[in-house]
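Below, each chain spelled out in residue letters.
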Amino acid sequence: MSTENSSSPSRTPVNYFGLNIPFLDHLGVVPEFAEGGKSRISVQLKPEYENSFQVAHGGLIMTLLDFAMAAAARSSMNHASGAITVDMTISFLRPSVGKIVVEGTTLKSGKTINYCEAVVLNDAGEVTAKSSGTFILRR
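Model, not experiment: these values are computed from the prediction.

Caption draft 1: Molecular detail of the overall build of the chain. The helix and strand tally for the chain stands at two helices and six strands. Taken from the N to the C terminus, the helices and strands of the chain come in the order α-β-β-α-β-β-β-β. Here the C-alpha atoms of the chain give a radius of gyration of 15 Å, agreeing with the 14 Å that 2.2 N^0.38 yields for 139 residues. Principal-axis analysis of the C-alpha atoms places the extent of the chain at approximately 45 × 40 × 25 Å. Relative to all contacts within the chain whose residues are 6 or more apart in sequence, the contacts with residues 24 or more apart total 58%. With the model as given, the accessible surface of the chain reaches about 7800 Å², and the carbon-plus-sulfur share is 55%. Considering the chain, the positive charge centre built from 12 side chains and the negative charge centre built from 12 side chains are found 10 Å apart.

Structure representation (structure tokens):
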């Protein structure tokens, strides 16, 4: 088993909309955009990210939804620091396989609280999971 991961010191870490997030880098998450209260990220499903049914593990999906919503919240306020998840609800609608695309949206930005939602899409454009969450922008 190889001990090298995607965030080894020999390469530059991925820029996640202004942040260094080693866990997402390790997973191979691709940051596509975060602007105007919307975000989009993707990852190619690997066998080590699957559950016993050979589909994306729920923990992976939750991680992606969480980050997509936080990135959307940050982009709505042009906020350079991170976002803290206060609350998050997820519904798993169908299995996620292949390339996983996640789109986040800010529903309402306030002075301290941001309400967001995100969806996971499969290659056919079907929603495989959805989430809503509440975030505080780090000061």
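Here the narrative resumes, following the displayed structure.
Caption draft 2: Structural view of helix α2 (residues 58-76). Here α2 spans 27 Å end to end across 19 residues, near enough to the 27 Å set by a 1.5 Å rise per residue. Looking one or two residues beyond α2, the residue adopting positive phi is asparagine 78, at roughly 50°.

Caption draft 3: Geometry of the layout of surface pockets. Within this model, the second largest pocket holds a volume of roughly 180 Å³. Lining the second largest pocket are 14 residues, with Ile21, Asp66, Phe67, Ala70 and Ala83 positioned closest to its centre. Listed by contribution, the elements that provide at least two residues to the lining of the second largest pocket are α1 (22-27), α2 and β3 (83-92). Sorting elements by how many residues they give to the lining of the second largest pocket places α2 first, with six residues. When grouped by side-chain class, the residues that make up the lining of the second largest pocket number nine nonpolar, three polar and two charged.

Caption draft 4: Geometry of the packing of aromatic side chains. Using the criterion set out here, one finds two aromatic pairs in the structure. Ring centres of phenylalanine 17 and phenylalanine 67 lie 6.0 Å apart, and the angle between their planes is 5°; on these two criteria the pair is classed as stacked. With phenylalanine 17 in the segment before α1 and phenylalanine 67 in helix α2, this residue pair connects regions lying 50 residues apart in the sequence. Here a set of aromatic residues connected by ring pairs shows up, and it is made of Tyr16, Phe17 and Phe67.

Caption draft 5: Local environment of the sheet that holds strand β2 (residues 38-44). The six strands lie next to each other as β1-β2-β4-β5-β6-β3, forming an open sheet whose pairing is antiparallel. Across the chains shown, the open sheet's two edge strands, defined by having one partner strand only, are β1 (30-35) and β3. Averaged over all adjacent pairs, the angle separating strand axes in this sheet is 20°, with direction ignored. In terms of strand pairing, β3 meets strand β6 (residues 127-137) through nine bridges, oriented antiparallel. Across the sheet, isoleucine 84 pairs through a bridge with isoleucine 136, a residue of β6.

Definitions and cut-offs
- Residues numbered from 1 in each chain as written.
- Predicted model: local features only at pLDDT ≥ 70, side-chain atom pairs only at ≥ 80, totals over all residues.
- Heavy atoms only, no water.
- Helix = DSSP H or I, 4+ residues; strand = E, 2+ residues; numbered from the N terminus.
- Rg over C-alpha atoms; globule rule 2.2 N^0.38 Å.
- Contact = heavy atoms within 4.5 Å.
- Areas by Shrake-Rupley, 256 points an atom, 1.4 Å probe, with all protein chains shown as cover.
- Lys, Arg positive; Asp, Glu negative; His and termini not counted.
- Charge placed at Lys NZ, Arg CZ, Asp CG, Glu CD.
- Expected span 1.5 Å × (residues − 1).
- 1 Å grid on protein atoms, 1.4 Å probe; cavity = no way out; pocket = protein on both sides within 12 Å on 5 of 7 lines; lining within 4 Å.
- Points joined across faces, edges and corners; volume = space filled by probe spheres on them.
- Nonpolar A, V, L, I, M, F, W, Y, C, P; charged D, E, K, R; others polar.
- Phe/Tyr/Trp six-rings, centres within 6.5 Å; stacked < 30°, edge-to-face > 60°.
- Pairing = 2+ DSSP bridges.
- Axes fitted to C-alpha atoms, helices over the stretch in contact; angles between N-to-C directions.

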